Amino acid sequence: MSKRLNDILDILNSIESWEDFLKWKRELPGQFNALRKEMEATQFKYQRSSKEKNIIYSLLNKTSQDLNHAVKTLKLQAEELSTLLSAIPAFVYFKNMDHTYRLVNKTFEDYLGVKMEQIKGKTIRDLLPEYDSRAYEEKENRVLETGEPIYNLEEVIIKNKRKVWLSTNLAPVKNINNEVIGLVGVSYNITERKKHEIELKKAKELAEEGTKAKSEFLANVSHEIRTPMYGIIGMSEILAQTQLNDEQRQHLQAIENSAGSLLSLINDVLDFSKIEAGRLDLEIIDFNLRDVLKDVENILITRSDEKGLEFKIVADDSIPEFLRGDPYRLKQIILNLTNNAVKFTEKGHVHIFIHQDGEDEDEITLKFEVKDTGIGISRRGKRLLFKEFSQIDTSTTRKYGGTGLGLSISKRLTEMMGGKIGVESRLGKGSTFWFTAKFEKTKTPEKSLWPMEQKDKKDFLAKIEEDLSVLLVEDNLINQKIARFNLEKVGYKVEVANNGKEAVAKFRNGAYDLILMDILMPVMNGIKAAEKIRAIEAERNLKDNTRKHIPIVALTANAMKRDREACLAAGMDAYISKPFKQQQLVELLTKLIQE
Amino acid sequence: MKVKAFSASLIHTLEQKLEELIDDDFSPNLAFVFASVDIGLEKVLEVLKKYPMLVFGASTCGEIFFDGNRETEGIYNNSVAVSLVEMNREHFDLKLFDGKGISSFDLGAKIGLWGKEIFDVPGFLVAVGGIGSNGQEIVEGIQKHTGRETPIFGGLAGDDSKFEQTFVFNSKKVMTHAAVAVVFDTEKIDMKGLATSGWVGIGSDKTVTKAKGNIVYTIDDEPALKVYKDHLNIRDKDLPEIGVEYPLMIKKDGKEILRAVNGVNREEQSLVFAGTVPEGSTVTFSTSPGFEVVDHTKADISDFFDRYGSGSLLILFSCMARHKALGPIIIEEILTAFEKAKAPITGFFTLGEIGMMADKSCEFFNETFTLVVISEKNIKN
């Protein structure tokens with residue numbers, strides 16, 4: 001505007017004559033009009049500014065109030081946060097991107113005995129020079145790089161030569177643009193806990209070792225006890241077949257009963273200690289379920305008949321004949337449950353039902369139910385039922401006997417077979433014990449090869465009922481006596497070798513139809529002896545161009561899979577559990593030859 | 001496309017100008033008429049009815065006309081500003097829509113549907129009458145049928161800042177709670193535009209705690225009317241007039257949208273805004289940064305014409321709050337536009353503008369200088 005005024009003044013000053021005035025006359029109104037507009041604009045600006053000033057002042061005043069309020073609120077929050085942080089019995093710290101401390105809580109200060117001001121800007125290396133913090137700083141880097149938190153990071157720091165265990169949570173701190181600008185860490189001192197853990201672990205290991213040692217001892221002792229037990233039972237049976245008067249017969253019956261109870265008790269203890277020691281392995285072999293059920297029936301039918309109970313086994317037709325699993329342990333579970341049922345049922349029946357309870361591509365699940373009309377079980381009783389060494393009450397023990405291990409062993413066995421066990425029962429209303437077990441499917445059961453010539457087989461079958469010449473290899477005199485008695489009773493000719501070495505010598509010089517071979521023997525064991533015998537046989541066959549094969553049957557108690565494999569590898573053909581009856585042997589041999 | 005524009009302060013002058021301009025060589029079929037409610041809209045209509053033209057009419061908060069003549073003032077009150085257009089009748093159509101009893105969105109949807117039925121690729125000029133209209137919903141309603149890319153320009157009619165009632169009209173009827181729309185065939189007609197504001201946020205962030213559509217009930221849990229009065233230190237009667245100059249700036253996803261107060265409900269202590277203010281949104285007050293904002297607008301205008309060139313018909317929708325804040329200085333924006341375009345400009349001071357963003361999508365604004373430049377496309381037919 002002042003420029004415009006100066007222009008006008010210049011024009012006015014330049015006017016010296018009428019001619020000059022006329023010359024500028026046209027120009028001046030335009031200049032004055034422009035000046036008017038500029039004055040109006042200036043005036044507007046002035047008015048507007050003074051009017052707007054009040055509003056802007058008010059807005060700024062409000063803003064300043066808002067800011068003051070916000071600052072106060074923040075301060076209060078900061079104080080509250082600080083109180084909260086110092087109350088936390090853990091080290092809380094904020095760190096910058098370069099790992100330097102930005103803020104720590106009072107617990108942190110107190111632990112290091114240093115004030116915040118001296119911690120700020122320092123790194124953990126500055127504060128704890130003894131501690132090799134590289135691994136920990138790498139974790140911090142990961143949080144800073146990925147923006148992801150890390151929880152329960154355990155680290156051991158060293159301060160004044162003492163180890164301190166910390167459990168740390170690290171989380172990124174982000175700015176408003178979601179960029180990581182540092183991290184917050186919370187470390188709990190878990191040194192005491194760690195010490196307890198270590199002590200606890202040691203104590204647990206000691207306890208486990210002790211338990212294992214005890215179980216092993218029990219297993220060994222039980223095994224040792226079993227051998228003479230077989231002697232007692234075997235000799236009792238032999239005795240029973242001699243001339244006895246009634247009183248003697250009654251006494252003998254008592255011996256047999258006691259021995260039987262003792263044996264089953266020892267078997268339970270042996271199983272249980274094997275389970276405890278983790279040494280019980282399941283067999284995985286092809287077997288015929290119907291055979292297993294037949295055995296169960298044979299064993300129990302006599303006892304249930306004696307008590308006047310109806311006994312039957314009902315298996316669904318849909319269940320395949322052959323399965324893969326452990327038939328011996330399966331039989332053990334069924335027998336255990338069914339024995340109990342017979343034991344606790346005074347009248348009525350004991351029924352076993354078997355049906356399919358699931359199937360997939362490779363496996364089949366069977367459910368076995370043993371229903372009785374016996375005394376039943378109370379609710380409290382059911383809770384105790386499957387626990388070790390528990391019988392429902394001591395009066396039961398007195399009346400019915402038993403170790404209280406049977407059901408807990410069955411429970412462990414079903415679990416090993418991928419199944420469950422349970423009971424439904426009401427006091428006085430009978431019980432249904434059930435269990436499930438998984439079996440692999442199989443179509444072609446394993447067959448034992450009996451590489452004997454057809455003519456030899458025929459001869460063998462002809463003699464099998466009463467005329468076999470048997471070489472019995474057994475070191476235990478009582479077992480020798482029992483076996484010899486059982487075999488000779490049906491007409492077999494029996495020759496005894498006291499160990500493997502004697503057996504090899506007798507085989508070399510004699511002619512036998514069958515060898516029964518104990519496994520554990522002094523001088524030379526059964527495996528070694530079988531190998532030697534087969535070697536001699538092969539040499540002879542080569543020389544004579546024959547294919548002779550003498551059946552060798554291993555005599556063993558509860559043979560495990562690896563034992564059996566060792567027997568077969570050594571050239572034996574089958575095995576039979578001690579003590580065996582002659583009839584069992586005949587069945588075994590017939591089956592083997594005919595297959 | 002032939003365009004002639006003028007301004008008249010009296011009905012008599014309007015009659016004279018029309019007689020003078022319309023002859024055998026120039027027979028316009030479309031007229032853009034922006035008139036003050038004080039000059040008498042019915043009287044204006046009486047004059048226009050004599051000519052066989054479609055009329056796009058709106059009441060104003062001040063009229064704009066500039067054709068480079070030294071005598072031309074550029075900004076007028078109590079007048080009528082007119083652009084007469086002669087163009088191929090097959091390239092456009094016009095309709096007045098009644099919006100009574102329906103939402104602004106539904107009104108917009110009616111316009112969109114109508115335009116889409118006439119042209120495959122329509123473009124719109126829209127003026128909306130009625131205090132309390134939601135300009136944002138009008139745009140969204142049109143886009144419902146035509147899509148985000150459709151060119152839409154226009155403004156909310158004014159009533160010389162009385163905030164009582166605003167109007168739109170065609171050659172037959174004046175209506176409130178209504179919209180008048182021209183639809184162009186954008187395959188034949190080019191529509192381009194610019195929207196620039198320069199308003200800046202001031203003060204602390206606040207939260208809209210209760211709102212529905214374009215009505216805001218509470219801000220930071222206090223009645224919206226009270227918040228405005230307290231913060232601006234103004235009296236009850238100063239609203240909405242002064243409030244228009246200090247719109248809320250809505251901050252969302254890094255974008256800032258201005259929403260000006262166009263109405264007050266004193267019973268409810270609520271404020272009616274020209275566009276939607278979502279509940280829960282973060283807002284601040286905003287203001288013009290000072291008279292320098294004109295320099296900012298002028299630079300944007302120059303840049304726009306340098307980049308896109310000129311056209312035959314220029315219509316300006318400028319926010320009435322800019323006029324209030326910048327007073328006589330606002331003429332500089334209009335002069336700059338004329339100098340760059342070399343074509344006459346008509347338009348009006350609005351209560352809200354619809355224009356094109358840099359990404360070519362159209363939106364509803366407040367506090368902007370919004371220009372639309374229309375010309376025939378240079379294609380052989």
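Scroll up to find the structure.
What counts and what doesn't
- Residues numbered from 1 in each chain as written.
- Chains lettered and ligands numbered in written order.
- Predicted model: local features only at pLDDT ≥ 70, side-chain atom pairs only at ≥ 80, totals over all residues.
- Heavy atoms only, no water.
- Pairing = 2+ DSSP bridges.
- Helix = DSSP H or I, 4+ residues; strand = E, 2+ residues; numbered from the N terminus.
- Expected span 1.5 Å × (residues − 1).
- Buried < 20%, exposed > 50% of the residue type's maximum accessible area, 1.4 Å probe, protein only.
- Contact = heavy atoms within 4.5 Å.
- Core = buried A, V, L, I, M, F, W, Y, C linked by side-chain atoms within 4.5 Å.
- Domains from an automatic or database assignment.
- Salt bridge = Lys/Arg side-chain N within 4 Å of Asp/Glu carboxyl O.
- Patch = residues over 30% accessible without salt bridge, like charges linked within 9 Å, V, L, I, M, F, W, Y side chains within 5 Å.
- Areas by Shrake-Rupley, 256 points an atom, 1.4 Å probe, with all protein chains shown as cover.
- Lys, Arg positive; Asp, Glu negative; His and termini not counted.
- Charge placed at Lys NZ, Arg CZ, Asp CG, Glu CD.
- Axes fitted to C-alpha atoms, helices over the stretch in contact; angles between N-to-C directions.
- Buried area = accessible area lost by both parts, 1.4 Å probe.
- Polar contact = N/O pair within 3.5 Å; in protein donor to acceptor, adjacent residues only side chain to side chain.

### So, the sheet that holds strand S11 (residues 174-175) of chain B
Strand pairing in a sheet is mediated by backbone hydrogen bonds. Such pairs are either parallel or antiparallel. Residue and element names in this part refer to chain B. Pairing is mixed across the open sheet formed by six strands, whose spatial order is S1-S6-S2-S3-S10-S11. Looking along the sheet, the strands with just one partner apiece sit at the ends: strand S1 (2-8) and S11. Bridge count between strand S2 (residues 30-35) and strand S3 (residues 54-59): six bridges; the pairing is parallel. Bridge pairing in S3 links Val33 to Gly57.

### A short note on helix H3 (residues 104-118) of chain B
Residue and element names in this part refer to chain B. Between its first and last C-alpha, H3 extends 22 Å over 15 residues, near the 21 Å set by a 1.5 Å rise per residue. What H3 keeps buried is the set Ser104, Leu107, Gly108, Ala109, Ile111, Gly112, Trp114 and Gly115. Buried positions along H3 lie against strand S7 (92-98), strand S8 (122-129), helix H4 (135-146) and strand S12 (178-185).

### So, the nonpolar core
Of all hydrophobic cores here, the largest spans 90 residues; its most connected members are Phe32(B), Leu125(B), Val126(B) and Phe184(B). Here this core gets seven residues from one element, more than from any other, and that element is S12(B). Counting contributing residues per domain, this core is built from domain 1 (2-196 + 292-376) and domain 2 (200-287) of chain B, each supplying no fewer than three. Setting aside residues no more than four positions away along its own chain, Phe32(B) makes contact with Phe56(B), Ala81(B), Val82(B), Ser83(B), Val85(B), Leu125(B), Val182(B), Phe184(B), Leu313(B) and Ile315(B). Within the second largest apolar cluster, 41 residues are counted, among which are Phe287(A), Leu323(A), Leu335(A) and Leu337(A).

### Comments concerning the pattern of salt bridges
Taken as a whole and judged by the stated rule, the model has 46 salt bridges over all chains. In this structure, the salt-bridge partner of Glu346(A) is Lys307(A), at a minimum N-O distance of 3.9 Å. Here Glu346(A), found in the loop between helix H11 (327-343) and strand S9 (349-359), pairs with Lys307(A), found in the loop between helix H10 (289-306) and strand S7 (310-315); they are 39 residues apart in sequence, far enough to count as distant. Classification of Glu346(A) as partly exposed rests on a relative accessible area of 46%. Exposure remark for Lys307(A): the relative accessible area of 28% places this residue in the partly exposed category. Asp230(B) is the salt-bridge partner of Lys226(B), the closest N and O atoms lying 3.0 Å from each other. With Lys226(B) and Asp230(B) both in helix H5 (residues 224-232) and four residues apart, the pair spans about one turn of that helix. Via salt bridges that share partners, Glu154(A), Arg193(A), Lys194(A) and Glu197(A) belong to a single interconnected network.

### Section: a positive patch on the surface
Residue and element names in this part refer to chain A. Taken together, Arg508, Lys528, Lys532, Arg540 and Lys543 make up a surface patch of like positive charges. The greatest single-element share of the positive patch, amounting to four residues, is contributed by helix H18 (residues 526-544). Topologically, Arg540 is positioned in helix H18. Taking the relative accessible area as the measure of exposure, Arg540 reaches 33% and is therefore partly exposed.

### What about the sheet that holds strand S2 (residues 101-104) of chain A?
All names here are of chain A. The strand order across the open sheet built from five strands is S2-S1-S5-S4-S3, with neighbouring strands paired in antiparallel fashion. Edge positions in the open sheet fall to S2 and strand S3 (150-159), since each of these has one partner strand only. Direction aside, the axes of adjacent strands within the sheet are offset by 30 degrees on average. By the bridge criterion, nine bridges tie strand S4 (residues 162-174) to strand S5 (residues 180-189) in an arrangement that is antiparallel. Looking at the pairing, Lys174 lines up with Val180 of S5.

### Quick word on the interface of chain A and chain B
Contact with chain A, which involves 15 residues of that partner, is made by 22 residues of chain B. Together chain A and chain B conceal approximately 1,600 Å² of surface at their shared face, both sides included; 64% is due to carbon and sulfur atoms. Counting every contact that joins chain A to chain B gives two salt bridges. The salt bridge partner of Asp66(A) is Lys206(B), with a shortest N-O separation of 3.1 Å. The interface formed by chain A and chain B holds nine residue pairs in polar contact (both at pLDDT 80 or more) in total.

### A closer look at the pairing of strand S4 (residues 63-66) of chain B
Residue and element names in this part refer to chain B. Residues Glu63 and Phe65 line one face of S4 and the alternating positions Ile64 and Phe66 line the opposite face, and both faces are buried. Here S4 runs beside strand S5 (residues 75-76); their pairing, made up of two bridges, is antiparallel. Paired with Ile64 across the two strands is Ile75, which belongs to S5. In the sheet, S4 pairs with strand S23 (residues 345-350) via four bridges, with the strands oriented antiparallel. Bridged to Ile64 within S23 is Gly347.

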